[in-house]
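# Inside the fold
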Amino acid sequence: MEFTAKQVADMIGGRVEGNENATINSFAKIEEGKPGAISFLSNPKYTHFIYDTQSSVVLINDDVELEKPVTATLIRVKNAYESVAKLLQLYESMKPRKTGIDPHAFISEKAKIGENVYIGAFACIGDGAVIGDNTQIYPNTVIGEGVIIGEKCTLFPNITIYNGCKIGNNVTIHAGSVIGADGFGFAPNAEGYDKIPQIGIVVIEDNVEIGANTCIDRSTMGQTIIHKGVKLDNLIQVAHNCEIGENTVMSAQVGLAGSTKIGAWCMVGGQAGFAGHIHVKDKTFVGAQCGVIGDTKGDGEQLIGSPAVNPKMYFKARALDAKLPDMYRQIASLQRELETLKNELKK
């Protein structure tokens, strides 16, 4: 597929500076540009690359002022990062979708399969499962009994969805993820632990994306819920009875203990951890490696550190860390002087 700079600009509402007939047929990072590619500049740290990039077209913000001429054709837009995201979505949507059922797939006679569905080799669809129209299920994926999957979903290889779970429309789940495994529920007794049966399900609403090897546990009773628009990175653990609000995003290796409630439009950095039975309010920003152990205030609150505190308090405490060795020596010296004074007074 090949497009001119003018065609691209029309797609995203941009303004061309340079040769509007310059053609592109691929994407490239601005520092790795090549003829026929389109790149973008949104981070000021990469501005110097624009003067030497070999890319034919570069998306750039309206307000960026360049210090010298460039050879690439520019398309000025309000937000270059958002614009390249739209172009990548368009590019992805133009790729042909797989359809058809591989002869090596197993599909229960009691399952209901929609139209234009793709089911890859060695995939297994259990009794009573429902697969919506235009959904793609890649090889070795297992769909348990009674699972409901909506339309236009993509389930990549080696995914397991346990019995009874419900998946909405336009959901993407990446390879190796497990949806609906038992929550970690055990009751201690004199001889060890009694397993608490996990009889609930997982519900994933529309337009959710789940990264590779992420695990979302079924609830003890009721539902573990991932609300619409949520984006989860790879290697995330969501425990039983958790709830993640609309349009919240989480980076890799985040862990949620049981019954944690995360609000809408939250942003969570990598390796953050959440204690169980807490409520993180809407629009909370949680930094990487945070340890959140209590309810939050929301409304744009920012948290960093473990246990999590506001950034000002965190940086004040960290500033003192460097002084601790000197403070320790001073205190030790004062203690010795005090002992000396005590001994003199005794005499």
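Above this note sits the structure.
Below: a short report on this structure. (Residues numbered from 1 in each chain as written. Predicted model: local features only at pLDDT ≥ 70, side-chain atom pairs only at ≥ 80, totals over all residues. Heavy atoms only, no water.)

Within the protein chain, the secondary structure is distributed over four helices and 39 strands. Taking 347 residues into account, the globule formula puts the C-alpha radius of gyration at 20 Å, and the protein chain, at 27 Å, lies well above it. Dimensions of the protein chain along its principal axes, counting C-alpha atoms only, are 95 × 70 × 35 Å. The buried share of the protein chain, reckoned over its 347 residues, is 39%. Relative to all contacts within the protein chain whose residues are 6 or more apart in sequence, the contacts with residues 24 or more apart total 17%. Surface accessibility of the protein chain: about 19,400 Å² in total, with carbon and sulfur atoms responsible for 53%. With 33 positive and 39 negative side-chain charges, the protein chain shows a spacing of 6 Å between the two charge centroids. (Helix = DSSP H or I, 4+ residues; strand = E, 2+ residues; numbered from the N terminus. Rg over C-alpha atoms; globule rule 2.2 N^0.38 Å. Buried < 20%, exposed > 50% of the residue type's maximum accessible area, 1.4 Å probe, protein only. Contact = heavy atoms within 4.5 Å. Areas by Shrake-Rupley, 256 points an atom, 1.4 Å probe, with all protein chains shown as cover. Lys, Arg positive; Asp, Glu negative; His and termini not counted. Charge placed at Lys NZ, Arg CZ, Asp CG, Glu CD.)

Attention now goes to the packing of aromatic side chains. This structure, assessed with the given rule, holds seven aromatic pairs. Ring centres 5.3 Å apart and planes at 75° place the aromatic pair Tyr118 and Tyr138 in the edge-to-face group. Of this pair, Tyr118 sits in strand β11 (residues 118-119) while Tyr138 sits in the loop between β14 (136-137) and β15 (142-143), placing them 20 residues apart in sequence. For the pair shown, Tyr118 and Tyr138 are each scored as buried. Look at Phe184 and Phe186: their rings are 5.2 Å apart centre to centre, the planes differ by 70°, and that puts the pair in the edge-to-face class. (Phe/Tyr/Trp six-rings, centres within 6.5 Å; stacked < 30°, edge-to-face > 60°.)

So, on to the sheet that holds β15. Strands sit in the order β9-β12-β15-β18-β21-β26-β29-β32-β35-β38 across an open sheet of 10 strands; the sheet is parallel. The strands lining the two open edges of the sheet, one partner per strand, are β9 (106-107) and β38 (291-292). Bridging between β15 and strand β18 (residues 160-161) involves two bridges; their strand directions are parallel. Directly across from Val142, in β18, lies its bridge partner Thr160. (Pairing = 2+ DSSP bridges.)

Quick look at the packing of helix α1 (residues 5-12) against helix α2 (residues 80-94) now. Helix-helix packing: each pair is described by the crossing angle between the helix axes and the interaxial distance. Interaxial distance between α1 and α2 falls to 10 Å at its minimum, and their mutual angle equals 105°. By the angle class used here, α1 and α2 are roughly perpendicular. Of the residues in α2, those touching α1 at Val8, Met11 and Ile12 are Ser83, Leu87 and Leu90. (Axes fitted to C-alpha atoms, helices over the stretch in contact; angles between N-to-C directions. Parallel < 35°, antiparallel > 145°, perpendicular 65-115°, else oblique.)

On to the nonpolar core, then. Membership of the largest hydrophobic core comes to 48 residues, with the highest contact counts inside it found for Ile143, Ile161, Ile204 and Phe274. Contacts of Phe274, omitting those with residues within four sequence positions, involve Val254, Gly255, Leu256, Ala257, Thr260, Ile262, Val268, Val280, Val286 and Val292. Of all hydrophobic cores here, the second largest spans 14 residues; its members include Val8, Val57, Leu59 and Ile75. (Core = buried A, V, L, I, M, F, W, Y, C linked by side-chain atoms within 4.5 Å.)

Turning our eyes to something else, we now look at the pattern of salt bridges. Between side chains of opposite charge, a pair can form as their charged atoms come close. Tallied over the entire structure, the rule returns 10 salt bridges. Close ionic contact of Asp62 with Arg15 constitutes a salt bridge, the shortest N to O distance being 3.9 Å. Residue Asp62 is found in the loop between β6 (57-61) and β7 (73-77), and its partner Arg15 is found in strand β2 (residues 15-17); the two are separated by 47 residues along the sequence. Between Asp182 and Lys195 there is a salt bridge; the shortest N-O distance is 3.0 Å. Separated by 13 residues along the polypeptide, Asp182 in the loop between β21 (178-181) and β22 (186-189) and Lys195 in strand β23 (residues 192-195) bring together distant segments of the chain. According to the relative accessible area criterion, Asp182 is partly exposed, its value standing at 34%. You can call Lys195 partly exposed: its relative accessible area is 44%. (Salt bridge = Lys/Arg side-chain N within 4 Å of Asp/Glu carboxyl O.)

The subject of this paragraph is the environment of Val130. Within the fold, Val130 resides in strand β13 (residues 130-131). C-alpha separation for the pair Val130 and Ile113, spaced 17 residues apart in sequence, amounts to 6.0 Å.

So, about the sheet that holds strand β31 (residues 249-250). Spatially, 11 strands are ordered β8-β11-β14-β17-β20-β25-β28-β31-β34-β37-β39 in an open sheet, and the strand pairing comes out parallel. Edge positions in the open sheet fall to β8 (100-101) and β39 (302-303), since each of these has one partner strand only.

Keep in mind that these numbers describe shape and distance, not what the molecule does.
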